[in-house]
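This is what each chain is made of:
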Amino acid sequence: MQTATTLDVLRTSIAKLRENGARIGLVPTMGALHEGHLTLIRRAREECDSVVASIFVNPTQFGPNEDLDAYPRQLAEDAAMLEAEGCAFLWAPEPQEMYPDGFVTSISVSGVSEGLCGAARPGHFDGVATVVNKLFNQVAPDMAFFGEKDFQQLAVIRAMARDLDLTRPHVHSIVGVPTVRESDGLAMSSRNRYLSEGDRAAATTLPQSMKTAIARIEDGEPVAPVLAALEGELLQAGFASVDYAVLADSASLAPLERLSGSPARLLVAARIGTTRLIDNMAVCA
Ligand code: PAF
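In this report, we go over the structure that sits alongside the text.

Analysis parameters
- Along every chain, residues carry numbers that run from 1 in the direction the sequence is written.
- Reporting of local features is limited, given that this is a predicted model, to residues whose pLDDT is at least 70; pairs of side-chain atoms are given and counted only at 80 or more, and all residues count toward the totals for whole chains, interfaces and linings.
- Side-chain figures throughout are based on the complete set of non-hydrogen atoms in the structure, without hydrogens or water.
- By the criteria applied, helices consist of DSSP H or I runs no shorter than four residues and strands consist of E runs no shorter than two, each listed in order from the N terminus.
- We call a residue buried when its accessible area falls under 20% of the maximum for its residue type, exposed when it is over 50%, and partly exposed in between, using a 1.4 Å probe and counting protein chains only.
- Two residues form a contact once any of their heavy atoms are found within 4.5 Å.
- Exposure was quantified through the Shrake-Rupley algorithm and a 1.4 Å probe, taking into account, for residues, occlusion by the shown protein chains and nothing else.
- Neither His nor the chain ends contribute to the count of charged residues, in which Lys and Arg are positive and Asp and Glu negative.
- Positions of charges follow a simple convention, taking NZ of Lys, CZ of Arg, CG of Asp or CD of Glu.
- For helices, the axis comes from a line fit to the C-alpha atoms of the stretch in contact; other axes are also lines fit to C-alpha atoms, and the angle between any two N-to-C directions lies between 0 and 180 degrees.
- If an angle is under 35 degrees, it is roughly parallel; if it is over 145, roughly antiparallel; if it lies from 65 to 115, roughly perpendicular; otherwise it is oblique.
- A crossing counts as left-handed when the near helix is turned anticlockwise from the far one by less than a right angle, and as right-handed when that turn is clockwise.
- Ten residues, namely Ala, Val, Leu, Ile, Met, Phe, Trp, Tyr, Cys and Pro, are considered nonpolar, four, namely Asp, Glu, Lys and Arg, are considered charged, and the remaining ones, Gly among them, are considered polar.
- Any residue with a non-hydrogen atom lying within 4 Å of a molecule or strand is treated as near it.
- N or O atoms within 3.5 Å of each other form a polar contact, as long as, within protein, one can give a hydrogen and the other can take it, and as long as residues adjacent in sequence are counted only when both atoms are side-chain atoms.
- Lining residues are defined by having an atom within 4 Å of a point belonging to a cavity or pocket. Those points lie on a 1 Å grid over the protein atoms alone, cavities being sets where a 1.4 Å probe fits but cannot get out and pockets being open sets with protein on both sides within 12 Å along at least five of seven lines.
- Grid points are joined across faces, edges and corners, and a volume is the space filled by probe spheres set on the points.
- Pairing between two strands requires that DSSP report at least two bridges joining them.
- A pair of Phe, Tyr and Trp rings is counted when the ring centres sit within 6.5 Å of each other, with Trp represented by its six-membered ring. The angle between the planes then sorts it: under 30 degrees is stacked, over 60 is edge-to-face, the rest tilted.

1. Observations regarding the overall build of the chain
When you go through the chain residue by residue, the secondary structure sums to 10 helices and nine strands. Taken across its 285 residues, the chain has 53% of its residues classed as buried. Counting only contacts in the chain whose residues sit at least 6 apart along the sequence, the fraction spanning at least 24 positions is 72%. Total accessible area computed for the chain in this model is approximately 12,900 Å², and 51% of it derives from carbon and sulfur atoms. For the chain, the distance from the average site of its 24 positive side-chain charges to the average site of its 36 negative ones is 3 Å.

2. Digging into the packing of helix H6 (residues 124-139) against helix H7 (residues 151-163)
Two elements in contact, H6 and H7, have axes separated by 10 Å at closest approach and are oriented at 55 degrees. On the basis of the axis angle, H6 is oblique to H7. Classified by chirality, the crossing of H7 by H6 is right-handed. Only Gln152, Gln153, Val156, Ile157 and Met160 of H7 make contact with H6, whose side of the interface consists of Phe125, Val128, Ala129, Val132, Asn133 and Phe136. Of the residues in the contact of H6 with H7, the class split is eight nonpolar, three polar and no charged.

3. Section: the site of the ligand
Taken together, Pro28, Thr29, Met30, Asn58, Gln61, Val131, Phe146, Asp150 and Gln153 make up the full set of residues near the ligand. Here Gln61 contributes a side-chain N or O atom positioned 2.6 Å from an oxygen atom of the ligand. At 2.6 Å from an oxygen atom of the ligand is found a side-chain nitrogen or oxygen belonging to Gln153. Taking 290 Å² as the accessible area of the ligand by itself, protein coverage stands at 89%. A breakdown of the residues in the shell around the ligand according to their chemical character gives four nonpolar, four polar and one charged.

4. As for the layout of surface pockets
Empty space among the atoms becomes apparent when a probe as large as a water molecule is rolled across them. By volume, the second largest pocket is sized at about 260 Å³. Considering the residues around the second largest pocket, the lining is formed by 17 residues, among which Ile55, Phe56, Val57, Arg73 and Pro93 are closest to the centre. Tallied by class, residues from the lining of the second largest pocket come to 12 nonpolar, two polar and three charged.

5. Details of the environment of Gln208
Position of Gln208 relative to the elements: it lies in helix H9 (residues 205-218). The spacing of Gln208 and Leu186 is 22 residues in sequence and 8.7 Å in space, taken between C-alpha atoms.

6. Topic: the pairing of strand S5 (residues 143-147)
The element S5 is largely enclosed, with a buried count of four among its five residues. Two elements, strand S2 (residues 24-29) and S5, share two bridges in a ladder whose sense is parallel. Within S5, the position partnered with Gly25 by the bridge is Met143. With five bridges joining them, S5 and strand S6 (residues 173-177) adopt parallel strand pairing. Its bridge partner being in S6, Met143 is matched across the sheet by Ser173.

7. Quick look at the packing of aromatic side chains
Any aromatic ring pair is given by two values, namely how distant the centres are and how the planes are angled relative to each other. Applying the stated criterion to the full structure yields four aromatic pairs. Ring geometry for Phe56 versus Tyr99: centroids 6.1 Å apart, planes at 50 degrees, classification tilted. Taken together, the residues Phe56 in the loop between strand S3 (50-55) and helix H3 (75-84) and Tyr99 in the loop between helix H4 (95-98) and helix H5 (116-120) connect sequence positions 43 residues apart. Note on Phe136 and Phe146: the rings are 6.3 Å apart at their centroids and 65 degrees apart in plane angle, and the pair reads as edge-to-face. Of the two residues, Phe136 is situated in helix H6 and Phe146 in strand S5; the sequence distance between them amounts to 10 residues.

8. Focus: the pairing of strand S8 (residues 264-272)
Sheet faces and side chains relate simply in a regular strand, where the side chains alternate between the two faces. Across the nine residues that make up S8, a large majority, eight, are buried. Two strands pair when backbone bridges link them, and strand S7 (residues 241-249) and S8 are joined in this way by eight bridges, in the antiparallel orientation. If you follow Ala248 over to S8, its bridge partner there is Arg265. Strand direction decides the pairing type here: S8 and strand S9 (residues 275-283), joined by nine bridges, are antiparallel. The residue of S9 that forms the bridge with Ala270 is Leu277. What sits between the antiparallel neighbours S8 and S9 is a turn of two residues, in which Gly273 has the positive phi angle 55 degrees.

Next up, the structure:
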């Protein structure tokens, strides 16, 4: 596996990868890789000839009181994991390479980025949209792979790519890959490592309560009391607060008071200890 830390090296290497018509798959990450990321790499390998992974802890998507400095960084370990999965290329720029002095541009996607995590983390999705747009321009992949774990992020990236005409000629498709879970159901996340032993045990209530809530909603129970019960269960289990527990339209992410026949999603963000966990699951309409 080759690694580039500068744009010049990236561009030359990508041009070489592409020489004999290879289809390139991009897997953007912030590192601290786990099985969820490796699943994205495997899916990209199935669908493309060469896989490029990026590792960049993007400062512009962290708020002033968020965990940018504490965010886990383990480049050598991540590179070894990528190599073992057959990733062809690692793009690992420093912040100065991505955002040189004088950088003044930001992409803002309205609508899908406004509620849910967008409400709790102002500016977060502007940072995501801007860096992903840059990654698409830098690598010009045929396909790009993102986890459904960050369901709102995926919706924001799809909207940005559609509105800025990024899906032709290069990023032919943006692929959402189902969430990978621990054996007790907790969605894998780089932030799970922050959980104390007790909080990790309690965190399993999140997917369990979501499944119960989904079964009740699918059975036709009114949505609001079911969501209130879900919040109550999380607080009872030791979660400090629930940022949101929302039934939403899968495409627009607009909140739903009842199932309407189109695909729906249950999305939850809740804090336990110092960690904010998010999860989402499909709800059959
Ligand atoms: O999901 C992530 O790891 C990040 O938000 C992404 C898409 C790599 C952009 O920094």
